[in-house]
Amino acid sequence: VQLQASGGGLVQAGGSLRLSCVASGSTFSRYDVGWYRQAPGKQRELVASMPTGGSTNYADSVKGRFTISRDNAKNTVYLQMNTLKPEDTAVYYCNIRRRIFGNEYDYWGQGTLVTVSS
């Protein structure tokens, strides 16, 4: 499985961006999906996740501003980011994972840089 993320860029505070991540393969719908980010000098952190059941989970810092969604027909997971803040500046990574018979399969995209100017 390969993941290709896109949609990052430079935006002013208060602006919006939508990240996309396309997965290869035919079993995308069976994976839990998520977005993580890593700011300079900080650890990678979970931003949002969506298991196959469709419920969502968000970091407190992005609740009400970011929305994760998926289109299984397109093998794509999205992250809509609104009201961006300078502290959202980071490299954003998409992730898909599933567990089969006790083995975990975990895949990461290459990262896309989001820079929010004040």
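Look a little higher up for the structure.
Just so it is clear, the structure is predicted and the values come from calculations on it, not from any experiment.

1. Remarks on the pairing of strand β8 (residues 76–81)
Argument step 1. Most of β8 is tucked away: 5 of the 6 residues are buried.
Argument step 2. Looking at chain direction, strand β3 (residues 17–23) and β8 are connected through 6 bridges and run antiparallel. The residue of β8 that forms the bridge with L19 is L79.
Argument step 3. Two elements, strand β7 (residues 66–71) and β8, share 6 bridges in a ladder whose sense is antiparallel.

2. Focus: the pairing of strand β5 (residues 45–50)
Argument step 1. Note: strand β4 (residues 32–38) against β5, 5 bridges, orientation antiparallel. Along β5, the bridge assignment pairs R37 with E45.
Argument step 2. Of the strand pairs in this sheet, β5 and strand β6 (residues 57–58) are connected by 2 bridges, and their pairing is antiparallel. By the bridge assignment, A48 is partnered in β6 with Y58.

3. Focus on the pattern of salt bridges
Between side chains of opposite charge, pairing is possible as soon as their charged atoms come close.
Argument step 1. Counted according to the given criterion, the structure contains 6 salt bridges.
Argument step 2. Where R65 meets D88, a salt bridge forms, and the shortest distance between an N and an O atom there is 2.8 Å. One end of the pair, R65, is in the loop between β6 and β7; the other, D88, is in the loop between β8 and β9 (90–100), and 23 residues separate them in sequence. Of the two residues, R65 and D88, both sit in the buried class.
Argument step 3. The closest approach of N and O atoms between E104 and R99, which form a salt bridge, is 3.0 Å.
Argument step 4. Under the relative-accessibility criterion, R99 is labelled exposed at 56%.
Argument step 5. Linked by salt bridges that have partners in common, R37, E45, R65 and D88 make up one network.

4. Focus on unusual backbone geometry
Argument step 1. Positive phi, normally seen in glycine, also occurs at N75, with a value near 55°.
Argument step 2. Here N75 lies in the loop between β7 and β8.
Argument step 3. One non-glycine residue, T83, lies in positive phi territory at about 45°.
Argument step 4. Note that T83 resides in the loop between β8 and β9.
Argument step 5. The class for T83 is partly exposed, based on a relative accessible area of 46%.

5. Some details on the packing of aromatic side chains
Argument step 1. Applying the stated rule across the entire model yields 2 aromatic pairs.
Argument step 2. Over the aromatic face of Y93 sits the side chain of R44, whose NZ or CZ is 3.8 Å from the ring centroid.
Argument step 3. Sitting above the plane of the W108 ring, R44 keeps its charged end 4.7 Å from the centroid.

Reading the values: rules and limits
- Residues numbered from 1 in each chain as written.
- Predicted model: local features only at pLDDT ≥ 70, side-chain atom pairs only at ≥ 80, totals over all residues.
- Heavy atoms only, no water.
- Buried < 20%, exposed > 50% of the residue type's maximum accessible area, 1.4 Å probe, protein only.
- Helix = DSSP H or I, 4+ residues; strand = E, 2+ residues; numbered from the N terminus.
- Pairing = 2+ DSSP bridges.
- Salt bridge = Lys/Arg side-chain N within 4 Å of Asp/Glu carboxyl O.
- Phe/Tyr/Trp six-rings, centres within 6.5 Å; stacked < 30°, edge-to-face > 60°.
- Lys NZ or Arg CZ within 6 Å of the ring centre and 35° of its normal.

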